[in-house]
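Structural characterization, general
Residues per chain are reported as follows:
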Amino acid sequence: MSAPNKSYDPVEVEALKPEEIERLRDEALAAFAAAGDLDALQEAKVAHTGGTSPLALANREIGALPPHAKAAAGKLVGQARGAVNKALAGRQAELEAERDARVLVEEAVDVTLPYDLVPPGARHPLTTMMERVADVFVSMGYEIAEGPEVEAEWFNFDALNFTPDHPARQMQDTFFVQGPEGTTGDESGVVLRTHTSPVQARALLDREPPVYVVCPGRVYRTDELDATHTPVFHQIELLAVDEGLTMADLKGTLDHMVRSLFGADMKTRLRPNYFPFTEPSAEMDMLCYVCKGESVGNPDRPCRTCSSEGWIELGGCGMVNPRVLTACGVDPEKYSGFAFGFGIERMLMFRHNVEDMRDMVEGDVRFTRPFGMEI
Ligand code: FA5
């Protein structure tokens, strides 16, 4: 700001002389007109209307004038600043309109162009689910083991301690593969495997203990296709055989699996059951991952996922029956093992609220698309 204005005359203040104010105004108008784009206009705006611009500084000089001189000086500077702001707004509008018109041309989409009519494929959610489960065990050091879907009856039943008259062997449960001409279906000794457990026997015959394998695969049963059953479905089997394994190792492994797949606060429980190839055997349930058990006895908070039971049945498990170890050439005095197996369709149903298992086999992309395009 200038020194005190002794003559009290704004004309004597250099910055407030009318010709100086006009010059500053014209300079600003010329700068705005010359700005070729919005960035250049922004620079000109700061230079000519900012807090340290010459016109702003001139405006501050008014404060030092005596009262009678302030009005005329204020009018002079105010008119100049008004003209500058008006020119700035006008140029801003012009440049924005130019930019919008340019973007419309540059970014135009030709909606008449042909598009890719065949969308890229993705793996079926059952496959990704099965791999996700297998990955949990691979990361713990387990090896993937596979076996044939057309399986010898010996591996599917005998090696697993199914007695010759076990009901599961009957034609109403098992698909028998046609034998040589003149034999009945169930005399061929060949079946479509009814579970992934025969891979247990194959893995033990192929390897020396310790054995840690996970066996994902397709299995077959003579079940009717309905909302909760399909004649062709998927299971995942786990087998560990080593010295000193106990039910505690089985329980810890199951807990680790459900925590990895459903969250850190998950757990499992075991209920007594019977399988010929495990002794003792158990049915394994996992805590309902939706209500975490809070729906039990709580009518205000019903849970559709577990029908308010708090637990979801997952599959079967147990300690490998010593008879199975013996049939596969493993010394049951030295080694013990645990195994478990469960259905992937069932896991997909409750993990993603799928109400009807038939949707998984009908091949309608409206079912698979919400699962994403995982390749
Ligand atoms: C077995 O198959 C045993 N092998 C599991 C096992 C492995 C027990 C290792 C002990 C040790 P189960 O018959 O209960 O058990 O079948 C296991 C799972 O397969 C069931 O829990 C269910 O989820 C699924 N499942 C059975 N039948 C069908 C079907 N028709 N459609 C879809 N899933 C099915």
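Residues numbered from 1 in each chain as written. Predicted model: local features only at pLDDT ≥ 70, side-chain atom pairs only at ≥ 80, totals over all residues. Heavy atoms only, no water.

Under an unreviewed UniProt entry, the name given to the protein is Phenylalanine--tRNA ligase alpha subunit, and the organism recorded is Streptomyces apricus. Listed in UniProt under the heading Catalytic activity (unreviewed entry), the comment for the protein reads: "tRNA(Phe) + L-phenylalanine + ATP = L-phenylalanyl-tRNA(Phe) + AMP + diphosphate + H(+)". According to the UniProt record, the Subunit (unreviewed entry) comment for the protein reads "Tetramer of two alpha and two beta subunits." (UniProt positions renumbered as here; feature names shortened; annotations may be inferred.)

Side note on the overall build of the protein
Secondary structure summary: the protein contains eleven helices and nine strands in total. Taken over the C-alpha trace, the protein has a radius of gyration of 41 Å; the compact-globule value for 375 residues is 21 Å, which it surpasses by more than 25%. Taking the principal axes of the C-alpha coordinates as reference, the protein spans close to 125 × 50 × 50 Å. Buried positions account for 39% of the 375 residues belonging to the protein. Of the contacts formed within the protein by residues at least 6 apart in sequence, a portion of 65% connects residues at least 24 apart. When the accessible surface of the protein is totalled, it reaches about 20500 Å², and 53% of it is carbon and sulfur. For the protein, the distance from the average site of its 36 positive side-chain charges to the average site of its 60 negative ones is 10 Å. (Helix = DSSP H or I, 4+ residues; strand = E, 2+ residues; numbered from the N terminus. Rg over C-alpha atoms; globule rule 2.2 N^0.38 Å. Buried < 20%, exposed > 50% of the residue type's maximum accessible area, 1.4 Å probe, protein only. Contact = heavy atoms within 4.5 Å. Areas by Shrake-Rupley, 256 points an atom, 1.4 Å probe, with all protein chains shown as cover. Lys, Arg positive; Asp, Glu negative; His and termini not counted. Charge placed at Lys NZ, Arg CZ, Asp CG, Glu CD.)

With respect to a nonpolar patch on the surface
On the surface, a cluster of nonpolar side chains totalling about 400 Å² of accessible area is made up of Tyr115, Leu117 and Val118. Relative accessible area serves as the criterion here: at 61%, Val118 is assigned to the exposed category. (Patch = residues over 30% accessible without salt bridge, like charges linked within 9 Å, V, L, I, M, F, W, Y side chains within 5 Å. Salt bridge = Lys/Arg side-chain N within 4 Å of Asp/Glu carboxyl O.)

Structural notes on helix 3 (residues 54-61)
Along helix 3, the positions that sit buried rather than exposed are Leu55, Ala56, Ala58 and Glu61. At its buried positions, helix 3 is contacted by helix 1 (18-34), helix 2 (38-49) and helix 4 (67-106).

Examining the nonpolar core
Val133, Phe340 and Phe342 are the most contacted members of the largest nonpolar core, which has 46 residues in total. Elements that contribute at least two residues to this core include exactly helix 5 (125-138), strand 5 (232-242), helix 8 (247-262), strand 7 (278-287), strand 8 (311-320), strand 9 (336-343) and helix 10 (344-351). It is helix 5 that provides the largest number of residues to this core, a total of seven residues. In contact with Phe340, other than residues within four places in its own chain, are Phe137, Ile236, Glu237, Leu238, Leu250, Thr253, Leu254, Met257, Met284, Gly316 and Cys317. Counting 23 residues, the second largest nonpolar core, distinct from the first, contains Val241, Leu325, Cys328 and Val330. (Core = buried A, V, L, I, M, F, W, Y, C linked by side-chain atoms within 4.5 Å.)

Quick look at the packing of helix 3 against helix 4
Running from N to C, helix 3 and helix 4 point in directions that differ by 155°, and their axes come no closer than 10 Å. Between helix 3 and helix 4, the crossing angle belongs to the class labelled roughly antiparallel. The hand of the helix 3/helix 4 crossing is left-handed. Together, Leu55, Ala56 and Asn59 of helix 3 and Val77, Ala80, Arg81 and Val84 of helix 4 make up the contact between the two elements. Grouping the constituent residues of the contact of helix 3 with helix 4 by class yields five nonpolar, one polar and one charged. (Axes fitted to C-alpha atoms, helices over the stretch in contact; angles between N-to-C directions. Parallel < 35°, antiparallel > 145°, perpendicular 65-115°, else oblique. Left-handed = near helix turned anticlockwise from the far one by under 90°. Nonpolar A, V, L, I, M, F, W, Y, C, P; charged D, E, K, R; others polar.)

Thoughts on the site of the ligand
Neighbouring the ligand are 23 residues, the closest being His195, Ser197, Arg221, Asp223 and Thr230. A distance of 2.9 Å separates an oxygen atom of the ligand from a polar side-chain atom of Arg221. In this structure, an oxygen atom belonging to the ligand sits 3.1 Å away from a side-chain N or O atom of Gln235. Its free accessible area being 690 Å², the ligand has 88% of it covered by the protein chains. If you list the elements that add at least two residues to the shell around the ligand, you get strand 5, strand 8 and strand 9. Residues belonging to the shell around the ligand are distributed by class as follows: eight nonpolar, eleven polar and four charged. (Near = heavy atom within 4 Å. Polar contact = N/O pair within 3.5 Å; in protein donor to acceptor, adjacent residues only side chain to side chain.)

So, the sheet that holds strand 5
Strand pairing in a sheet is mediated by backbone hydrogen bonds. Such pairs are either parallel or antiparallel. Ordered in space as 1-4-5-9-8-7-6, the seven strands form an open sheet in which the pairing is mixed. Single-partner strands in this sheet number two, and they are strand 1 (143-144) and strand 6 (268-275). Note: strand 7 against strand 8, eight bridges, orientation antiparallel. By the bridge assignment for strand 8, Thr278 is matched with Val320. Strands strand 5, strand 6, strand 7, strand 8 and strand 9 of the sheet are contacted by helix 8, whose axis makes an angle of about 35° with strand 9. (Pairing = 2+ DSSP bridges.)

Concerning helix 7 (residues 198-206)
Taken together, the buried positions of helix 7 are Pro198, Val199, Gln200, Ala201, Ala203 and Leu204. Taken together, the buried residues of helix 7 touch strand 2 (150-152), helix 6 (153-156), strand 4 (211-220), strand 5, helix 9 (322-327) and strand 9.

Remarks on the domain arrangement of the protein
Domain parsing of the protein yields domain 1 (10-106) and domain 2 (125-371). The distance between the C-alpha centroids of domain 1 and domain 2 comes to 80 Å. (Domains from an automatic or database assignment.)

Observations concerning the packing of aromatic side chains
Under the defined criterion, the tally for this structure stands at twelve aromatic pairs. For the ring pair Phe275 and Phe277, a centre distance of 5.7 Å and an interplane angle of 40° mean the geometry is tilted. On the basis of relative accessible area, Phe275 is assigned to the partly exposed category, the value being 22%. Given the relative accessible area of 8%, Phe277 is considered buried. Ring pairing ties together the aromatic residues Phe137, Tyr142, Tyr212, Phe340 and Phe342, which thus form one cluster. (Phe/Tyr/Trp six-rings, centres within 6.5 Å; stacked < 30°, edge-to-face > 60°.)

Regarding the pattern of salt bridges
Scanning the model with the defined rule gives 18 salt bridges in all. For the salt bridge of Arg25 with Asp26, the shortest nitrogen-to-oxygen distance reads 3.1 Å. When its relative accessible area of 26% is taken as the criterion, Arg25 is described as partly exposed. Note that Arg269 is salt-bridged to Asp285, the shortest N-O span being 2.9 Å. On the criterion of sequence distance, the pair formed by Arg269 in strand 6 and Asp285 in strand 7 is long-range, its members being 16 residues apart. Overall, Asp285 belongs to the buried group, its relative accessible area being 3%. Several salt bridges converge on common partners, so that one network encompasses Arg269, Arg271, Asp285 and Glu313.

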